[in-house]
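Working through the structure, step by step
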Amino acid sequence: MASIMMLSQATLSPSSSAKLSSHTLNPLLYTKPFRFKTNRKSFSVSAASSQHSLKALIFDCDGVILESEHLHRQAYNDAFSHFNVRCNSSSKQPLNWASDFYDVLQNQIGGGKPKMRWYFREHGWPSSTIFDTPPENDDDRAKLIDTLQDWKTERYKQIIKSGTVEPRPGVLRLMDEAKATGKQLAVCSAATKSSVILCLESLIGMERFQGLDCFLAGDDVKEKKPDPSIYLTAAKRLGMSEKDCLVVEDSVIGLQAATKAGMSCVITYTSSTADQDFKDAIAIYPDLSDVRLNDLELLLQNVVAAN
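Given the structure is predicted, the values throughout are model-derived calculations rather than measurements. Per chain, the residues get numbers from 1 upward, laid out in the order the sequence is written. Restriction of local features to residues with pLDDT of at least 70 applies here, the model being predicted, together with a cutoff of 80 or more for giving and counting side-chain atom pairs; totals for whole chains, interfaces and linings are based on all residues. Side-chain numbers here rest on the full set of heavy atoms in the structure, without hydrogens or water.

1. Comments concerning the pairing of strand β7 (residues 264-268)
The buried label goes to any residue with under 20% of its type's maximum accessible area, the exposed label to any with over 50%, and the partly exposed label to all in between, with areas taken from a 1.4 Å probe on protein chains only. Secondary structure is summarised from DSSP: a helix means a run of H or I of at least four residues, a strand means a run of E of at least two, and numbering begins at the N terminus for each. Here β7 lies mainly inside the structure; five of its five residues are buried. Here β7 shows no split at all, with S264, V266 and T268 on one side and C265 and I267 on the other all buried. The criterion for strand pairing is that DSSP finds at least two bridges linking the strands in question. Of the strand pairs in this sheet, strand β6 (residues 245-249) and β7 are connected by four bridges, and their pairing is parallel. The residue of β7 that forms the bridge with E249 is I267. The β-α-β motif built from β6, the intervening helix α9 (residues 252-260) and the parallel element β7 has right-handed crossover chirality. Where β7 meets strand β8 (residues 283-285), three bridges bridge the pair, whose relative direction is parallel. By the bridge assignment for β8, I267 is matched with I284. Handedness is read with the strands pointing away from the viewer; a crossover is right-handed when the path from the first strand over the helix to the second is clockwise.

Structure representation (structure tokens):
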């Protein structure tokens with residue numbers, strides 16, 4: 001895979017990793033006994049033949065529980081405007097991440113601080129009302145990133161609190177089905193903990209949030225997705241084998257984190273991730289409105305049995 005360093009807001013090279021897959025994703029349709037294709041073979045197996053079963057259902061937050069990337073982009077651009085962030089001293093306008101550029105960026109680099117750090121390294125450290133001249137040492141650069149991220153997080157919270165944001169279809173029902181049948185339930189997000197807590201409290205409600213068996217945010221691990229740390233940590237805290245966990249993600253970066261952790265992953269894509277290559281997912285859905293817990297149990301059982 002080509003390096004993220006080939007990204008450019010002005011031009012995205014067709015040969016770079018920023019190039020999105022051209023195939024169209026369709027929801028996976030099936031009847032029992034379950035039959036599906038991987039990139040290597042087709043197979044049909046009985047669920048009873050598997051020694052593993054779905055014991056833990058793990059949700060990403062942004063893009064899965066809520067379609068949030070356009071809200072994050074708005075909050076970043078509001079922060080850049082508030083602090084008059086300009087990577088080019090001759091620019092008359094603050095930095096503004098366009099939607100097409102951000103769709104690629106957010107699916108290549110997890111976490112807000114790593115996104116900004118990469119961008120400023122590539123396009124030049126900016127002037128701002130935080131520092132009149134571009135910061136030249138690590139401490140000042142860290143202060144710039146921290147200040148922007150803190151303000152962006154507060155702005156994002158204001159957007160979530162506005163009451164205009166709703167959870168994606170099917171998420172709450174699947175969570176309730178999992179808890180009702182004794183499954184472990186977790187949320188693992190690369191975002192800042194305070195913003196994820198606010199999202200969960202606002203969108204799934206306090207009772208569901210407090211009923212989670214595990215909740216991890218970007219603050220809880222040293223490495224962000226696609227590094228598998230967050231999912232490996234979740235399995236350990238849940239006391240589960242990775243083979244008994246099923247992850248619900250919306251992007252290739254989350255899919256990579258899950259599969260590197262040894263977990264199966266289903267994708268519920270968004271408008272900004274629909275053209276990505278999800279060949280390693282065990283199922284792909286436009287949303288979870290027609291997906292039941294029994295469907296996910298059978299998916300996992302068949303995958304484990306086939307392997």
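2. Topic: the pattern of salt bridges
Within this document, salt bridges are pairs made up of a side-chain nitrogen of Lys or Arg and a carboxyl oxygen of Asp or Glu, the two lying within 4 Å of each other. Enumeration according to the criterion identifies 12 salt bridges in this entry. One salt bridge in this structure joins K113 and D146, with 3.0 Å as the shortest N-O distance. You can see K113 sitting in helix α3 (residues 112-123) and its partner D146 sitting in helix α4 (residues 138-161), a full 33 residues away along the chain. Judged by its relative accessible area of 31%, D146 is partly exposed. The network of salt bridges with shared partners includes D60, K225 and E249.

3. A closer look at the layout of surface pockets
Definitions used throughout: a 1 Å grid over protein atoms alone; a cavity as a set of points that fits a 1.4 Å probe which cannot get out; a pocket as an open set with protein on both sides within 12 Å along at least five of seven lines; a lining residue as one with an atom within 4 Å of a point. Grid points are joined across faces, edges and corners, and a volume is the space filled by probe spheres set on the points. Counted as a void, the second largest pocket has a volume near 460 Å³. Taken together, 33 residues form the lining of the second largest pocket, with G110, G111, G112, A190 and A191 sitting closest to its centre. Examining the composition of the lining of the second largest pocket, we find that five residues originate from one element, α3, more than from any other. For this scheme, ten residues count as nonpolar: Ala, Val, Leu, Ile, Met, Phe, Trp, Tyr, Cys and Pro. Four count as charged, namely Asp, Glu, Lys and Arg, and the remainder, Gly too, count as polar. A per-class count over the lining of the second largest pocket returns seven nonpolar, 14 polar and 12 charged.

4. Some words on the side chain of S251
Following the sequence through the fold, S251 ends up in the loop between β6 and α9. With residues near it in sequence (within four places) discarded, S251 still touches N107, I267, T273, Q276 and F278. Residue contacts follow a heavy-atom distance rule, with two residues in contact if any of their heavy atoms lie within 4.5 Å.

5. Structural notes on the environment of S251
Relative accessible area serves as the criterion here: at 4%, S251 is assigned to the buried category. Along the primary structure S251 and A274 are separated by 23 residues, whereas in three dimensions their C-alpha atoms are 8.4 Å apart.

6. Thoughts on the packing of aromatic side chains
For this analysis, a ring pair means two rings from Phe, Tyr or Trp (six-membered ring only for Trp) whose centres lie within 6.5 Å, classed as stacked if their planes differ by under 30 degrees, edge-to-face if by over 60, and tilted for the remaining angles. Taken as a whole and assessed by the stated rule, the structure comprises 13 aromatic pairs. Ring centres 6.4 Å apart and planes at 55° place the aromatic pair W97 and F101 in the tilted group. The exposure class of F101 is buried, given its relative accessible area of 3%. Where F209 meets F215, the ring centres are 5.6 Å apart and the plane angle is 80°; that geometry is what we call edge-to-face. Of the residues examined, F209 reaches a relative accessible area of 15% and is grouped as buried. Through a chain of ring-to-ring contacts, the aromatic side chains of Y76, F80, W97, F101, Y102, W118, Y119, F120 and W125 assemble into a single cluster. Over the ring of Y76 we find K152, and its NZ or CZ is 4.5 Å from the ring centre. Charges are assigned to positions over rings by a cutoff of 6 Å between ring centre and Lys NZ or Arg CZ, combined with an angular limit of 35 degrees from the ring normal. Lying over the aromatic face of Y156, K152 brings its terminal NZ or CZ to 5.1 Å of the ring centre.

7. A word on the side chain of S128
With respect to the helices and strands, the residue S128 is situated in the loop between α3 and α4. Its relative accessible area of 8% is what places S128 among the buried residues. Of note is the side chain of S128, whose polar atom sits 3.1 Å from the backbone nitrogen of I130. Look past the residues within four positions of S128 in its chain and what remains in contact with it is F83, N84, V85 and L144. Distance and chemistry together define a polar contact, namely a pair of N or O atoms within 3.5 Å, with one atom able to donate a hydrogen and the other to accept it when in protein, and with adjacent residues in sequence counting only for side-chain atoms on both sides.

8. Examining helix α1 (residues 69-82)
The span you would expect from a helix comes to 1.5 Å times its residue count less one. Given a rise of 1.5 Å per residue, 14 residues ought to cover 20 Å, and the 20 Å separating the end C-alpha atoms of α1 matches this to within 8%. Check the buried side of α1 and you find it contacts α2 (99-106), α3 and α4. Immediately beyond the C-terminal end of α1, within one or two residues, lies N84, with a positive phi of roughly 50°.

9. Looking at the nonpolar core
Residues L57, F59, I65, V187, L200, V266 and L296 are the most contacted members of the largest nonpolar core, which totals 44 residues. The element contributing the most residues to this core is helix α10 (residues 293-306), with six residues. Beyond its immediate stretch of four places on either side in the chain, I65 contacts F59, D60, P167, R168, V171, M175, V187, L200 and I204. Throughout, nonpolar core names a set of buried Ala, Val, Leu, Ile, Met, Phe, Trp, Tyr and Cys residues whose side chains join them through atoms within 4.5 Å. In this structure, I58, L216, Y231 and Y269 belong to the second largest nonpolar core, which totals 28 residues.

10. Points about the sheet that holds β6
Ordered in space as β5-β4-β3-β6-β7-β8, the six strands form an open sheet in which the pairing is parallel. A single partner strand is all that each edge strand has here, and the edge strands are β5 (214-216) and β8. When strand polarity is set aside, the average angle formed by the axes of neighbouring strands in this sheet is 20°. As judged from the four bridges shared by strand β3 (residues 56-59) and β6, these two strands associate in the parallel manner. Bridging from a neighbouring strand, I58 pairs with V247 of β6. Working convention: axes come from line fits to C-alpha atoms, limited for helices to the stretch in contact. Angles between N-to-C directions cover 0 to 180 degrees. Along the sheet, α10 makes contact with β3, β6, β7 and β8, crossing β7 at roughly 140°.

This is a description of form; function is not addressed.
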